[in-house]
Amino acid sequence: MSIIEDDIMDGILNDKEKLPVYETLLEITEKSIELIKEKPQSETNNKLIKMRERTRTNYLDVIQQTKERIELKELKENIKTAIDKINEVLNGLNYREIKTILNSVNTLVESRLQNVNLNLQNQ
């Protein structure tokens with residue numbers, strides 16, 4: 001394993017740093033497959049090609065998983081930011097505003113319950 005791969009495995013690099021490394025390793029692997037295919041066919045070369053193709057598939061999987069982790073992390077950060085902004089708005093409300101909002105909600109709920117009760121009685 002290379003020093004770069006060791007660093008990735010040891011968690012020194014984060015996902016955004018890993019992604020270009022994996023993409024570069026994928027390119028190197030693909031180029032090595034092309035170079036091996038240019039050589040005369042032999043049992044050794046065929047085995048090398050199969051090994052490199054498995055490595056290529058693994059890199060493709062890792063790249064996809066890394067992209068998904070990056071997207072998930074960004075989504076979590078966006079959700080956290082939204083929650084923080086909501087909390088800021090709620091913290092900015094004074095007692096009178098909160099009481100008004102709660103009274104409006106209570107009125108709405110009571111109205112809906114009355115409608116449901118009327119509908120049940122009419123059935």
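Above: the structure in question.
Cut-offs and rules
Along each chain, residues carry numbers from 1 onward, in the same order as the chain's sequence is written. pLDDT decides what is reported in this predicted model: residues at 70 or higher carry local features, side-chain atom pairs at 80 or more are listed and counted, and totals for whole chains, interfaces and linings draw on all residues regardless. Working from all heavy atoms in the structure, the side-chain values ignore hydrogens and water. What counts as an axis is a line fitted to C-alpha atoms, over the stretch in contact for a helix, and the angles between N-to-C directions run from 0 to 180 degrees. Put simply, DSSP marks the helices as runs of H or I at least four residues long and the strands as runs of E at least two long, and each gets a number from the N terminus on. Any angle that falls under 35 degrees is termed roughly parallel, while one over 145 is termed roughly antiparallel, one within 65 to 115 roughly perpendicular, and all others oblique. Each crossing gets its handedness from the near helix: less than a right angle anticlockwise from the far helix is left-handed, clockwise is right-handed. By the convention adopted, Pro, Cys, Tyr, Trp, Phe, Met, Ile, Leu, Val and Ala count as nonpolar, Lys, Arg, Asp and Glu as charged, and the other residues, Gly among them, as polar. The set of buried Ala, Val, Leu, Ile, Met, Phe, Trp, Tyr and Cys residues whose side-chain atoms join them within 4.5 Å is what this entry labels a nonpolar core. Whether a residue is buried, partly exposed or exposed follows from its accessible area with a 1.4 Å probe, protein chains only, as a fraction of its type maximum: under 20%, in between, or over 50%, in that order. Contacts are assigned to residue pairs with any non-hydrogen atoms lying within 4.5 Å of each other. Expected span of a helix: the number of residues minus one, times 1.5 Å. A 3.5 Å cut-off defines polar contacts: any pair of N or O atoms within that distance qualifies, except that in protein one atom must be a possible hydrogen donor and the other a possible acceptor, and neighbouring residues in sequence count only when both atoms are side-chain atoms.

### Observations regarding the packing of helix H2 (residues 15-38) against helix H3 (residues 43-92)
Contact geometry for H2 and H3: axes closest at 9 Å, N-to-C directions at 160°. By the angle between their directions, the pair H2 and H3 is classed as roughly antiparallel. Seen along the crossing, H2 lies across H3 with a hand that is left-handed. For the contact of H2 with H3, the residue count by class is 13 nonpolar, five polar and 11 charged.

### A word on the environment of Leu 48
Relative to the elements of secondary structure, Leu 48 occurs in helix H3. Separated by 30 residues in sequence, Leu 48 and Asn 78 place their C-alpha atoms 45 Å apart.

### Examining the nonpolar core
Residues Leu 19, Val 21, Tyr 22, Leu 25, Leu 26, Tyr 59, Ile 63 and Ile 70 constitute the largest nonpolar core, which totals eight residues. At the level of secondary structure, the elements contributing two or more residues to this core comprise H2 and H3. Excluding residues that lie within four positions of it along the chain, Leu 26 makes contacts with Arg 56, Tyr 59, Leu 60 and Ile 63.

### Digging into H2
Between the first and last C-alpha of H2 there are 34 Å, a value that for 24 residues agrees with the 34 Å anticipated at 1.5 Å per step. Along H2, the residues classified as buried are Asp 15, Lys 18, Leu 19, Val 21, Tyr 22, Leu 25, Leu 26, Thr 29, Ser 32, Ile 33 and Ile 36. Here H2 starts with a cap whose side-chain oxygen sits 3.0 Å from the backbone nitrogen of Lys 16, and that cap is Asn 14.

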